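Here's the letter readout for the chains.
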Amino acid sequence: MQNPGSPVQCHAENRPRARYTERAMQSRSGNEIRELFLRFFETKGHRRVHSSSLVPANDPTLLFTNAGMNQFKDLFLGAEKREYARATTSQKCVRAGGKHNDLENVGFTRRHHTFFEMLGNFSFGDYFKREAIQFAWELVTSEEWYGIPKDRLYVTIFEGDAANGVPRDDEAEGYWIEAGVPKERIKEYGLKDNFWQMGETGPCGPCSEIFYDMGMEAAETPGVDLPFGQDDARYVEIWNLVFMQFDRAAIVDPDTKKTSYKLTPLPKPSIDTGMGLERVSAVLQGKVSNFETDLFTPLIERAAELTGVPNDVGNASLRIIADHARAATFLINDGVLPSNEGRGYVLRKILRRGIRHGRLLGQEQPFLYEMVYAVRDLMAGAYPELEDSAARVAKVIGAEEKQFDRVLKIGLTRLNEDLKGDFTGAKAFHLYETFGLPLDFMVDAARDAHVVFDEAGFEHAKEAEQARARASWKGGSQKSASPAFRELPKTSFLGYKQLTAPGAEVLAIVKDGVGVPAAAVGDHVDVVLDQTSFYGDSGGQTGDTGWFTSADGNTTVAEIVGCVLPVQGVRAHKALLKLPLTVGDHVRTVVDAERRDSIRRNHTGTHLLHAALRAVLGTHVKQAGSSVEPSRLRFDFSHFAQVADEELQEIEDIVNREVLVNAKVETLEDVPIDVAVNEYHAMALFGEKYGDKVRVVKLSDGFSTELCGGTHTSATGEIGLIKIVSEGSVSSGVRRLEAISGFGSLDAFREDYAVAQIVAQIAPAAEGSTASEAFRARLTAQEDELKRLRRELEELRMKSAAGLLDEALSKAVEVKGVRLVTLRADSLERGQLRTLVDNLKQKLGEGVVVLASAQPEGKVALIAGVTAGLTKRIQAGKLVGAVAKLVGGSGGGKPEIAEAGGKEQAQIDAALQAAAGIAGEMLG
C-alpha cells in the first residue's frame, strides 16, 4: 500500500481492457441494480424490509451494523418472531472500527470501503439450500435480471472438517450442478473461507460463494494468467450464501475444565446471503474498481471541484473523500455524533481522515460538509430520509472541520515543543491520534530538526491502540434464547386497558435458566402466562411490579418484582413465590396500580418534552435514549450546545400548557408502519426496531405523534405538572433532561417551598422584589465582601514575603562563582511567586533563585529563576525539576524561569537546602 501521507494515484485500473467473445452484459446504474435485486426476491415471495440503522438495536456485540443479517439476528437466534419467513434488504453497513476495520485500506485498493450496501435475501426456517442456490443462479445469470455470462463465474463450497465432525457440503455441490454450474467450476475450501458462525456459540453452517472473473486486465500481476483461487484481484467474490444448519454449543469437561464444541442440526435451518452492491455494480458496469462505478464517480467529481484539482478517479485522496463522505453522512443521519469514544470516535477518525486528504490536495478551508449534499442527491432515492437530515448532517461536519482546524494548530505547537526534547514514537503517535498530524509531516519535521524519528515506537503505540480499540468492542457471542422461552406462544398483553388478568394459565416456570414443571415457596423464578396485565421492560419503560393472586383475589401466590421479554412477545414475570406453583395452574395477575400510574405520567411526559424540545431548539432534536421510572423520567436527545435557562423555562412552559389543555391521548393499534410515518407523521425513535405493524400514540390536538408501545395517560391533564430538574451533557452532541411529574412534582414543590421560607428569614425581600432576588443580592454582597478580604490577605502576605527579600539576599550562597538565593514563602499564588522571583533576579543582577511555597491541600509550589547571562551554564527547567523530586513532584519549563509541583510539604526546607548542591552539579 502506498504512503497515505501524500496525494496518491491508483493507476492499476487504467490498464487496457481485454476483449471477450461472449455476449456483453447490459450496463445498469447502481440504483437499478439495487432495485432489481429487491424486486427479484419480491417475485419469490420475500418481504422487502427497509435497511436498519447503522447503530445496531439492542446488540452490544457490534460497533456498527456490518452485515445484512444484523437486523435479523434475534430471528436467527429464536428470540424474535415476525409475520414473514422470507425477507430481502439493501442494508447500510460500516466497517471502520473494532474487529471489522477497513479504514486504512480505503482509497488505495479497488474494493475497500468504510460505508457499503449489502444486498441480501433471508429465510427464517422456510426454504433452504436448494431454493437459495436456484434463486442466486437465476438472478445472476438470467438475461431478464443481471445476465452475467456463466463462463465468467465460479462457485465455492465447504470441503468439510473431519476433526470437528462437519461433513463436506455435498448437498450444495449437487444443487449447484442441478442449477447449471459445471462441476469443474465448483471449488472447495475449508473452515476459514467457507464456514460461517455468528459467535463462539450459536447458529453456524457452511457457505457457498459466487466469484466473477474480471479478466486479465484485472490480474494482480499484469500479464500473468493465474487460475481461479490464485489471484484475488482478478477473481472477485460477488455473493456469499450462508446455510445456517447447526447450533454450536460449548461443552466444558468437568475434570480438565477444557472447552470443546458440539454441532447439533438446527430444527429449522435458515438462509443468510450477502451481495455487495458496489462490487456487483462494478461487474455489471464493466469496471475493474468499485470507485469507477456511478455509485462513486459523481462524488469524486464533486470532491475534485471542492478541492480545486482535476477530476481523476485514480486519485486516492479523491476516493477517500468520496467514500468517507458517504460513511459520515449516513452515520450522522443515524444519530452518531463525533466524540472521543466508541462510535463517535470512529466517526471523528473518518471525518478527520477525509479532511486531511483534502488538505493534501491543497484545500485548507472547510469543504467536506458540502459533500453531504452530493451524497444526498445521489442516494436519496433509496434513502429518502437524507432529504430531511442533510442540512443537520452538514452542520455537524462543518463544526467538526472548524474544530479540527483548531486542533491541528494546537498539534503543530505541541510538535514543535516535543522536537526540542525527547521525541519518542509514543509522543508522535499521540500527536497523530489526538491532533491528526500526518505521519509523513512529522517525519519531515523531525528530519528538519535533526531528530531521528522513532518509527518503531510509533508503530508499537499504534498497535497497542488498535488492540485497545478491539478489546473495547470485542463484544461477545449472543446466546440463543433459552429453549424454555423459545418455543412458547406470545403472551396476550391486556395491560393497555386493565390492570388485572383473571384466569391466566401458567405456561412455563423457568428456574436458573431451565424450565421446571413446578416450584416451591421461596423460589425466585420466571413465570410465563398465556395472558397478563404486566408491562415488560421495553422502549425505555421499566416493567410493572405487583402480585399473582388466587382466582378470588384473597390469597397472594407470588410477589412480582419485575417483568421482562426474553423473547419478543413472550413476557416473563420475575416472581418470588409465596405458594407452590405448577405449570397448568391458573392465577390472577394484579399490577401495582399506583406505581403504574406514576410510570404512565412520566411516559406521556417524555412525549411532551420531545415535542417541546423540537419546537424550541429545532427539528434536528431527536430522541437518543430514555428511561421511564415511577419516580422520574430521563430523556436523552441530540443537540450541539447546552440548553440555556431561558430555553429550559420555555420548554417547561410549553409542556405544562399542554398538560393544562388536557388533550386526549389517543392510541392507534396495528397501523402499517408506512402509514404511521408518512400519513400520521409519527416520530420513529433512534435505535428502536419496528415491525410491519406499529402502535401510534398521538395527542388529539396534534402536539405530538410517536410510534410507541408503552403505557400512557388517557389525557395530558392526568400528568398534573412536569418539572425539569436537570439538564446536562451525556456525550458529544447528546444532552440529557431529567424531569418529574405528578406527586413527584408536588414533593419537589413542597421541598422548594420549605427552602424558600428559610431564605426569606435569612434575606427578607424588600417591597417590590421577590425572595429569590433578595437572596441573590445577599449572596452577591457576601461574595464581594469575601473578595475584598481575600485581596487584603494576599496583599499582607505579599508584603510579608517582600520584607524577606533582603534577608534572603543576605543569606545567598556562592556556588562555583554564581550567587544562589533560596526562599520559602507559603500560601502565595503562583503569580505572586513569579513576581518575587523576578524581584530577586533584579536585585541579584546575576544569579540563581529557587522559591518554594506550601499550598492548600498539602501541595507544594516551586519556581526557579536564572538570569539571562547564566542560562548556557544552568537552566531553570532542569534545576526546578531536580529540586521537585525531593518533594515528591516534577516540573520543568524555560531556561530563565520554570515551575514545578510536589506533594510532600514536610520536605520543603530540605529541598531548599539541597538546591545549592544540585545547582553546583549542573554548573559543572
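All residue numbers refer to positions counted from 1 along the written sequence of the respective chain. Confidence filtering applies because this is a predicted model: local features only for residues at pLDDT of at least 70, side-chain atom pairs given and counted only at 80 or more, and all residues used for totals across whole chains, interfaces and linings. To obtain the side-chain values, all non-hydrogen atoms of the structure were used and water was disregarded.

Looking at this structure, how should I read the overall build of the chain?
For the purposes of this entry, the term helix denotes a DSSP run of H or I that reaches at least four residues, the term strand denotes a run of E that reaches at least two, and both are numbered from the N terminus. From N to C terminus, the chain includes 24 helices and 35 strands. Oriented by its inertia axes, the alpha-carbon framework of the chain measures out at about 105 × 85 × 65 Å. Considering only residue pairs separated by 6 or more positions, the chain has 69% of its internal contacts joining residues 24 or more positions apart. Approximately 42,200 Å² of the chain is accessible, and the part contributed by carbon and sulfur atoms is 50%. Computed over 110 positive and 130 negative side-chain charges, the inter-centroid distance for the chain is 3 Å. Only heavy atoms matter for contacts: two residues are in contact if any of them lie within 4.5 Å across the pair. Here the open area of atoms and residues is found with the Shrake-Rupley method and a 1.4 Å probe, where only the protein chains shown may cover a residue. Positive charges come from Lys and Arg, negative ones from Asp and Glu, while His and the chain ends are left out of the count. Here the site of a charge means NZ on Lys, CZ on Arg, CG on Asp, or CD on Glu.

Would you mind going over the packing of helix α7 (residues 297-307) against helix α10 (residues 368-379) with me for this structure?
When two helices pack together, their arrangement is given by the angle between their axes and by how far apart the axes lie. Note on geometry: axes are lines fitted to C-alpha atoms, helical ones only across the stretch in contact, with angles between N-to-C directions running from 0 to 180 degrees. Running from N to C, α7 and α10 point in directions that differ by 160°, and their axes come no closer than 10 Å. Comparing the axis directions of α7 and α10 gives the class roughly antiparallel. Two packed elements cross with a definite hand, and for α7 against α10 that hand is right-handed. Of α10, the residues touching α7 (which contributes Pro-298, Leu-299, Arg-302, Ala-303 and Leu-306) are Glu-370, Met-371, Ala-374, Val-375 and Leu-378. Here roughly perpendicular refers to angles of 65 to 115 degrees, roughly parallel to angles under 35, roughly antiparallel to angles over 145, and oblique to all remaining angles. Note on convention: near helix rotated counterclockwise from far helix by under a right angle means a left-handed crossing. Clockwise means right-handed.

Just checking my understanding: could you explain helix α9 (residues 342-360) for this structure?
One full turn of an α-helix is made of 3.6 residues, so residues set three or four places apart face in the same direction. Expected helix span is taken as 1.5 Å per residue step, with the number of steps being one fewer than the number of residues. If you check α9, its first and last C-alpha atoms are 27 Å apart, about what 19 residues at 1.5 Å a residue would give, namely 27 Å. Counting buried positions over the 19 residues of α9 gives 14, a clear majority of the element. Just downstream of α9 lies Gly-362, where phi reads positive at about 100°. Using a 1.4 Å probe on the protein chains alone, a residue whose accessible area is under 20% of its type maximum counts as buried, one over 50% counts as exposed, and one in between counts as partly exposed.

Help me understand the packing of aromatic side chains in this model?
Within a pair of aromatic rings, the relevant descriptors are the distance that separates the centres and the angle that separates the planes. Put simply, two rings from Phe, Tyr or Trp (the six-membered ring, in Trp's case) pair if the centres are within 6.5 Å, and we call them stacked under 30 degrees between planes, edge-to-face over 60, tilted for the rest. Applying the stated rule across the entire model yields 26 aromatic pairs. Between Phe-291 and Phe-296 the ring centres are 4.9 Å apart and the planes differ by 55°, which places this aromatic pair in the tilted class. Summarising the burial analysis for this pair, Phe-291 and Phe-296 share the class buried. Here the aromatic rings of Phe-453 and Phe-458 are separated by 6.2 Å at their centres, their planes lie at 45°, and the arrangement is tilted. Comparing Phe-453 with Phe-458 shows no difference in burial state: the two are buried. Clustering of aromatic rings is evident, with ring pairs tying together Phe-37, Phe-40, Phe-41, Tyr-127, Phe-135, Trp-145 and Trp-239. Placement of a positive charge over a ring is assigned whenever Lys NZ or Arg CZ falls within 6 Å of the ring centre and within 35 degrees of the normal to the ring plane. Positioned above the aromatic ring of Tyr-496 is the side chain of Arg-695, whose terminal nitrogen or guanidinium carbon lies 3.6 Å from the ring centre.

It is not clear to me how a nonpolar patch on the surface should be interpreted in this structure. Could you clarify?
Put simply, a patch holds well-exposed residues, over 30% relative accessible area, that have no salt bridge, with like charges counted together within 9 Å and Val, Leu, Ile, Met, Phe, Trp or Tyr side chains within 5 Å. Whenever Lys or Arg places a side-chain nitrogen within 4 Å of a carboxyl oxygen from Asp or Glu, that contact is recorded as a salt bridge. A contiguous nonpolar surface patch, about 460 Å² in accessible area, is contributed by Phe-743, Leu-746, Phe-749 and Tyr-753. Inspection of the secondary structure puts Phe-749 in helix α19 (residues 742-762).

Any chance you could explain the confidence of the model for the chain here in plain terms?
Low pLDDT means the predicted atomic positions in that stretch should not be read closely. In the predicted model, the chain carries a mean pLDDT of 85, and 92% of its residues have values of at least 70. Confidence of the prediction at every residue is given by pLDDT, a number between 0 and 100. Counted against residues more than four places away or in other chains, residues 1-8, with its pLDDT under 50, gives 25 contacts. A low-confidence stretch, residues 472-479 stays under pLDDT 50, and its non-local contacts, those more than four residues away or across chains, total 18 contacts.

When you look at the sheet that holds strand β28 (residues 722-731) in this model, what are you seeing that I'm missing?
Two modes of strand pairing occur in sheets, parallel and antiparallel, and in both the strands are linked by backbone hydrogen bonds. Strand pairing requires that DSSP identify at least two bridges connecting the strands. The strand order across the open sheet built from four strands is β23-β24-β29-β28, with neighbouring strands paired in antiparallel fashion. Two strands in the sheet have a free side with no partner beyond their single neighbour: β23 (623-628) and β28. Across the sheet, the axes of successive neighbouring strands diverge by a mean angle of 15°, strand direction being ignored. Across six bridges, strand β24 (residues 633-638) lies against strand β29 (residues 734-741) in antiparallel orientation. If you follow Arg-634 over to β29, its bridge partner there is Glu-738. On top of the sheet, helix α16 (residues 593-617) reaches β23, β24, β28 and β29; it is set at about 25° to β24, its chief contact. The sheet strands contacting α19 are β28 and β29, and the helix crosses β29 at an angle near 85°.

I'm lost on the pattern of salt bridges in this one. Help?
Opposite charge on two side chains allows them to pair when their charged atoms are near. Going through the model one piece at a time under the given rule, you end up with 43 salt bridges. For Lys-723, the salt bridge identified is with Glu-652, shortest N-O distance 3.5 Å. Taken as a pair, Lys-723 in strand β28 and Glu-652 in helix α17 (residues 645-661) lie far apart in primary sequence, 71 residues in all. Take Lys-723: its relative accessible area is 34%, and that puts it in the partly exposed class. Here Glu-669 ties to Arg-695 by a salt bridge, and the two come within 3.0 Å at their closest N and O atoms. One end of the pair, Glu-669, is in strand β25 (residues 665-672); the other, Arg-695, is in strand β26 (residues 693-699), with 26 residues separating them in the sequence. Overall, Glu-669 belongs to the partly exposed group, its relative accessible area being 43%. On the basis of relative accessibility, which here comes to 10%, the residue Arg-695 falls in the buried class. Where salt bridges share partners, they join Arg-168, Asp-170, Glu-173, Lys-183 and Glu-188 into one cluster.

Please explain the sheet that holds strand β30 (residues 813-815) as it appears in this structure.
An order of β30-β31-β32-β33-β35-β34 is seen for the six strands of this open sheet, with the pairing classed as mixed. Because the sheet does not close on itself, it has two edges, and the strands there are β30 and β34 (890-893). In this sheet, adjacent strand axes meet at a mean angle of 20° when their direction is disregarded. The sheet contact formed by β34 and strand β35 (residues 897-902) spans four bridges and is antiparallel. Paired with Gly-893 across the strands is Ala-898, a residue of β35. Running at roughly 30° to strand β33 (residues 860-866), helix α22 (residues 830-844) makes contact with β31 (818-824), β32 (848-854), β33 and β35 of the sheet. On the sheet, helix α24 (residues 908-923) packs against β30, β31, β32 and β33 and is oriented at approximately 160° with respect to β31.

Is there a simple way to think about the packing of helix α11 (residues 385-418) against helix α12 (residues 425-435) in this case?
Running from N to C, α11 and α12 point in directions that differ by 170°, and their axes come no closer than 9 Å. The angle between α11 and α12 falls in the class roughly antiparallel. Facing α11, whose interface residues are Phe-404, Val-407, Leu-408, Ile-410, Gly-411, Arg-414, Leu-415 and Asp-418, α12 presents Lys-427, His-430, Leu-431, Thr-434 and Phe-435.

Which parts of the structure should I look at to understand the environment of Gln-285?
Among the structural elements, Gln-285 can be located in the loop between α6 (277-284) and α7. Judged by relative accessible area, which is 14%, Gln-285 ranks as buried. Linking Gln-285 and Glu-237, residues 48 residues apart in sequence, is a C-alpha distance of 16 Å. Those residues in contact with Gln-285 that lie beyond four places of it in its chain are Ser-27, Arg-28, Ser-29, Gly-30, Ile-33, Thr-293 and Asp-294. Pairs of N or O atoms within 3.5 Å make up the polar contacts considered here, provided that, within protein, one atom can donate a hydrogen while the other can accept it, and that residues adjacent in sequence are counted only when both atoms are side-chain atoms. From its side chain, Gln-285 meets the backbone oxygen of Arg-28 in a polar contact 3.0 Å long.

Help me understand the nonpolar core, please; the structure alone is not making it clear to me.
Buried together is how nonpolar side chains tend to be arranged in soluble globular proteins. Nonpolar cores are built from buried Ala, Val, Leu, Ile, Met, Phe, Trp, Tyr and Cys residues. Side-chain atoms within 4.5 Å join them into one set. Membership of the largest hydrophobic core comes to 110 residues, with the highest contact counts inside it found for Tyr-146, Trp-176 and Trp-239. The element that contributes the greatest number of residues to this core is α11, accounting for ten residues. Leave out the neighbours within four places in its chain, and Tyr-146 touches Ile-33, Leu-36, Phe-37, Leu-119, Leu-139, Val-140, Met-275, Val-280 and Leu-284. Counting residues in hydrophobic clusters, the runner-up holds 28 residues, among them Ala-864, Ala-884, Ile-918 and Ala-919.

Explanation requested: a negative patch on the surface in the structure shown.
Judged by side-chain charge, Glu-159, Asp-193, Glu-220 and Asp-232 come together as a negatively charged surface patch. Relative to the assigned elements, Asp-232 resides in the loop between β9 (202-213) and β10 (235-252).

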